[in-house]
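Spelled out from the first residue to the last, the chains are:
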Amino acid sequence: MGELLFNVLLLLFFVVMGAYSFDIKIVDEHSGARYWPLIMICAVIVLICVKIAQIWKALPKEERKFSFGIFKLNDPGVQKLLLALGWLLLYIIALPYGGYALSTVIFFAGMAWLIGARKVSVIALSSIGITIAVWAVFVWGLDVHPPRGIGFLEKISIWLEYLI
Amino acid sequence: MELLMTGIQVVFQLEVLLVIAMGVLLGVVFGALPGVSATMSIVLCISFTYSMNPVVAISFLAAVYCASITGGSITAILFKIPGTPSSAPTTLDGYPMAKRGEAGKALTLALLASGFGGLFSAVVMFMLTQPLMKLALRFSSPEQFAVCALGIGILSFVDSDRPLNTFVSALIGIWIATIGQDRFSSVARFTFGTVKLLDGIESLPFMIGMFAVVEILDNIRNPEDTKDMTKDAVEGKFKVTGIADFMKTKWTALRSAVIGTVVGIIPGAGATIASFMSYSVESKLNKSPETMGQGNPHGIVASETANNAATGGAMVPLLSMGIPGSNAAAMMLTALSIHGVQMGPLLLRSQPEYLSATFMSMILANIVMVVVSIYVAKVFAQVLKVPYYILGSLIFVLALTGTYAYQSNMFDLTVMFIAGAFGYFFKKYGFNISALILGMVLGGDMEYYFRRSLLMYGNVGSFFQRPIFTGIVVLFALVTVFQVFSMLRKRSNAKKQKTQQP
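Residues numbered from 1 in each chain as written. Chains lettered and ligands numbered in written order. Predicted model: local features only at pLDDT ≥ 70, side-chain atom pairs only at ≥ 80, totals over all residues.

Undergrad: An account of the overall build of chain B is needed here, citing residue identities and associated values.
TA: Looking only at helices and strands, chain B features 21 helices and 2 strands. Residues classed as buried in chain B amount to 59% of the 502 residues present. The long-range share in chain B, meaning contacts at least 24 apart out of those at least 6 apart in sequence, stands at 78%. (Helix = DSSP H or I, 4+ residues; strand = E, 2+ residues; numbered from the N terminus. Buried ≥ 20, exposed ≤ 12 C-beta atoms within 10 Å, placed from the backbone. Contact = placed C-beta atoms within 7 Å.)

This is the structure:
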């Protein structure tokens, strides 16, 4: 049922994209900007419809009902997966404000705990050590300027960047 | 022969040999770092060459170029993060091999294959620059469109159990390539009014999301899969293997070297397209196609031989016509122009020592690269002994930092996140990530060449007046018919077996 739902969502997405593509201006009669993506979208829609039909046919009758149970939210693995995605998203949002160094240390610590680390000393040392190592390679070695954060975090970042 | 002797004379000097060794080391390390592509490696190293004389500078940059393509395979195999886009197919078989404790074997194969591919193309280019240029000149937009379509068409049959899924994946990839400004009319497509999407979706952040992030999410969801990798590493199963394993894949290597060299010659078709095409071909011709993507050594050899072979191929139009065969070659053009090297037909007449220096240094670099890369790989591989909760988080941090380092653009991180989240379900429900990536890589060029061909010739029928185009279409048709026939026969046999069972 999960596979069916995913394919239906994909189909809906491409139907919307197909409708949206009619807003694309045609400048050239021979090969306007609209036609190529529209051809791809139409082909995807047709083929996904075929896929949905195949999946429905192969699905046992008792499984042809939607229920929230298909999301398996009680499964610890699914819960960890959603937490990991949420943590990653939070890191990306927080990065420009917290700066690279602090955000990465916290991100690493949280992710390590999520994956299975339990010793606080190991988490703390590895998160700080690895952040320093990656900083050394990318910032000092390759002259990449990471997000600096705001306020005093920005000043600390600038100081660290030009330390070497 | 005279050119060869000139090359030996200019390159076999202590200063040049030292810079080649340094270039190889830097190139491998840069290439291994995600977010640092071969192009970026050359850009970073250009500043080192300002005080060098032209021959030394050429040798250094050629070494960096060859080695950076190779370096991408190290993280592709150990962490499933392609260090360079051209190493993306290497992850498909390299990482499964590392997971079952064969990281050493996978790395050795990748490095030997890279060395072989680079050497093959350097030697071929040295001997056949002029005749091969005539072939490149005959490739126009219809032929380039046909080559892209052939690459996608062949891949669609890689997963013969689920060709529909693979084909849909490729089409989605081609559609993703249309996001952004249209190349012809500059009309914005699927940007939803945002400026950030005007340049389209960058392939490297997308690939890192689709490969590295999806893999870690998979391991978080199913943690028992990671225990074997760490266990085998702790037991010391990482061991560099000998050349015998590579010799078992010699025909794959030879075939891939030819594909990579030819693809490299075509302007605009670089190492990434070469590695994907070679992998696709290998998936069909391999004796055990069902094992491709599960840790088949031939997959690694196909990808790595082709991407390094493309380096020599890309130098042909660069040196002979001043047309770079890839982005990295374009950087080489800039760098060499600074040193007064005049690319084009006059190079052979006015500055033959530069032409011979380029090829001789590429030959030497590919030999040195194999030795240096093995030691760099051993250092990287020590990381395998680390527990997965550290390793997984490290891979995440490397992927994020590498994605940001690519263009110092926060939007790339967003792309990576969306690709990772979408890719997890995409893979879980049977779609083909490599087909999607190939569609994305080739889709932009496919559309460009197709529309350009229409502008030049007016209608599709006129394309068939070109013999090379017709030849490629016939080849595509034959491959398609053969594949459809094979699939139908396979299904018919499966049905017969089912009905015969009591």
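Undergrad: Explain the overall build of chain A to me, using residue names and the numbers behind them.
TA: Check the secondary structure of chain A and you find 6 helices and 0 strands. Helices and strands appear in chain A in the N-to-C order α-α-α-α-α-α. Expected size for 164 residues packed as a compact globule is a radius of gyration near 15 Å; at 24 Å, chain A overshoots this value by more than 25%. Taken over the C-alpha atoms alone, chain A extends approximately 60 × 50 × 25 Å along its principal axes. By sequence separation, contacts in chain A at least 24 residues apart represent 58% of the contacts at least 6 residues apart. (Rg over C-alpha atoms; globule rule 2.2 N^0.38 Å.)

Undergrad: Which residues make up the nonpolar core, and what values go with them?
TA: Nonpolar side chains in soluble globular proteins tend to be buried together. One finds B:Ile42, B:Leu61, B:Ile77, B:Met332, B:Ala365 and B:Ile395 to be the most contacted residues of the largest nonpolar core, which totals 192 residues. Residue-level mapping places this core at the junction of two domains, with at least three residues from each of domain 1 (2–69) and domain 2 (76–161) of chain A. Filtering out sequence-adjacent residues up to four positions away, B:Met332 remains in contact with B:Ile42, B:Leu61, B:Tyr65 and B:Leu318. (Core = buried A, V, L, I, M, F, W, Y, C linked by C-beta atoms within 7 Å. Domains from an automatic or database assignment.)

Undergrad: Kindly report on helix α8 (residues 163–176) of chain B, identifying the contributing residues and their values.
TA: All names here are of chain B. In this model, α8 (14 residues) spans 20 Å end to end at C-alpha, consistent with the 20 Å of a helix rising 1.5 Å per residue. Counted residue by residue, α8 has 11 buried out of 14 residues, so it is predominantly covered. Among all positions in α8, only Thr166, Phe167, Val168, Ser169, Ala170, Leu171, Ile172, Gly173, Ile174, Trp175 and Ile176 are buried. (Expected span 1.5 Å × (residues − 1).)

Undergrad: Before we move on, can you summarise the environment of B:Ala335 with the specific residues and values?
TA: Residue and element names in this part refer to chain B. Inspection of the secondary structure assignment puts alanine 335 in helix α15 (residues 327–338). The exposure class assigned to alanine 335 is buried, which follows from the 23 C-beta atoms found within 10 Å. In sequence terms alanine 335 and tyrosine 448 are 113 residues apart; their C-alpha atoms lie 28 Å from each other. Leave out the neighbours within four places in its chain, and alanine 335 touches Ile42, Ile46, Thr49 and Leu61.

Undergrad: Can you lay out unusual backbone geometry for me, pointing to particular residues and giving the numbers?
TA: Residues and elements named next belong to chain B. Unusually for a residue other than glycine, phenylalanine 190 sits at a positive phi of about 55°. Structurally, the position occupied by phenylalanine 190 is in the loop between β2 (188–189) and α9 (203–221). For serine 408, which is not a glycine, the phi torsion comes out positive at approximately 50°. Mapping serine 408 onto the fold places it in the loop between α18 (388–407) and α19 (410–428).

Undergrad: Can you explain the interface of chain B and chain A? Please cite residues and give values.
TA: On the side of chain A, 48 residues touch chain B, which itself brings 47 residues to the contact. Elements supplying a minimum of two residues to the side of chain B that touches chain A: α8, α9, α18, α19 and α20 (433–457) of chain B. Here the side of chain B that touches chain A takes 12 residues from α18(B), the largest share from any one element. Partitioning the side of chain B that touches chain A into residue classes produces 33 nonpolar, 9 polar and 5 charged. (Nonpolar A, V, L, I, M, F, W, Y, C, P; charged D, E, K, R; others polar.)

Undergrad: Break down the environment of B:Asp182 for me, with residues and values.
TA: Within the fold, B:Asp182 resides in the loop between β1 (180–181) and β2. Taking the C-alpha atoms as reference points, B:Asp182 and B:Glu447, 265 residues apart in sequence, are found 9.9 Å from one another. Among all residues touching B:Asp182, those that are not within four sequence positions of it are A:Ala33, B:Val187 and B:Arg189.

Undergrad: How would you explain the domain arrangement of chain A if you had to name every residue and give the values?
TA: Domain annotation for chain A reports domain 1 (2–69) and domain 2 (76–161). The gap between the C-alpha centroids of domain 1 of chain A and domain 2 of chain A is 38 Å.

Undergrad: Go over the confidence of the model for chain A, please, and point to the residues and values.
TA: In this model, chain A carries an average pLDDT of 87, and 97% of its residues clear a pLDDT of 70 or more. Looking across chain A, the model is least confident in helix α6 (residues 152–161) of chain A, with a mean pLDDT of 86, and most confident in helix α4 (residues 100–115) of chain A, with 93. (pLDDT = per-residue confidence, 0-100.)

Undergrad: So what's going on with the confidence of the model for chain B? Which residues, and what values?
TA: All names here are of chain B. On average, chain B scores 80 in pLDDT, and the residues at 70 or more come to 85%. Mean pLDDT across the elements of chain B bottoms out in helix α10 (residues 227–234) (47) and peaks in α19 (92). Segment residues 226–237 is flagged for pLDDT under 50; beyond a separation of four residues in sequence, or across chains, it makes 17 contacts in the model. Across the assembled chains, the prediction reports ipTM 0.92 with pTM 0.76.

Undergrad: Quick rundown of helix α1 (residues 2–21) of chain A? Include the residues and the values.
TA: Residue and element names in this part refer to chain A. Given a rise of 1.5 Å per residue, 20 residues ought to cover 28 Å, and the 28 Å separating the end C-alpha atoms of α1 matches this to within 8%. Inspection of α1 places Asn7, Leu10, Phe14 and Ser21 among the buried residues, and these make up the whole buried set. What you see down the axis of α1 is that its buried residues fit within an arc of 60°, all on one side. Exposed side chains of α1 directed beyond 90 degrees from the buried face belong to Gly2, Leu9, Leu12, Val16 and Ala19. The elements touched by buried residues of α1 are α2 (35–58). (Arc of directions from axis to C-beta.)

Undergrad: Now, about the packing of helix α3 (residues 76–98) of chain A against α19(B): what can you tell me, with residues and values included?
TA: Relative to each other, α3(A) and α19(B) sit at 175°, their axes nearing to 10 Å. Comparing the axis directions of α3(A) and α19(B) gives the class roughly antiparallel. For the pair α3(A) and α19(B), contact is made by A:Leu85, A:Leu88, A:Leu89, A:Ile92 and A:Pro96 and by B:Met410, B:Leu413, B:Thr414, B:Phe417 and B:Ala421, respectively. Here the residues of the contact of α3(A) with α19(B) are counted per class, giving 9 nonpolar, 1 polar and no charged. (Axes fitted to C-alpha atoms, helices over the stretch in contact; angles between N-to-C directions. Parallel < 35°, antiparallel > 145°, perpendicular 65-115°, else oblique.)

Undergrad: Hey, could you go over the packing of α3(A) against α9(B) for me, with residue numbers and the actual values?
TA: Packing of α3(A) against α9(B) leaves a shortest axis separation of 8 Å and a crossing angle of 145°. In this structure, α3(A) uses A:Gly77, A:Lys80, A:Leu81 and A:Ala84 to contact α9(B), whose residues at the interface are B:Leu217, B:Ile220 and B:Arg221.

Undergrad: Explain the environment of B:Phe60 to me, using residue names and the numbers behind them.
TA: Residues and elements named next belong to chain B. Along the chain, phenylalanine 60 turns up in helix α4 (residues 54–79). Sequence separation between phenylalanine 60 and asparagine 165 is 105 residues; the distance between their C-alpha atoms is 45 Å. Once residues within four sequence positions are removed from consideration, phenylalanine 60 is found in contact with Val19, Gly23, Cys45, Phe48, Thr49 and Met52.

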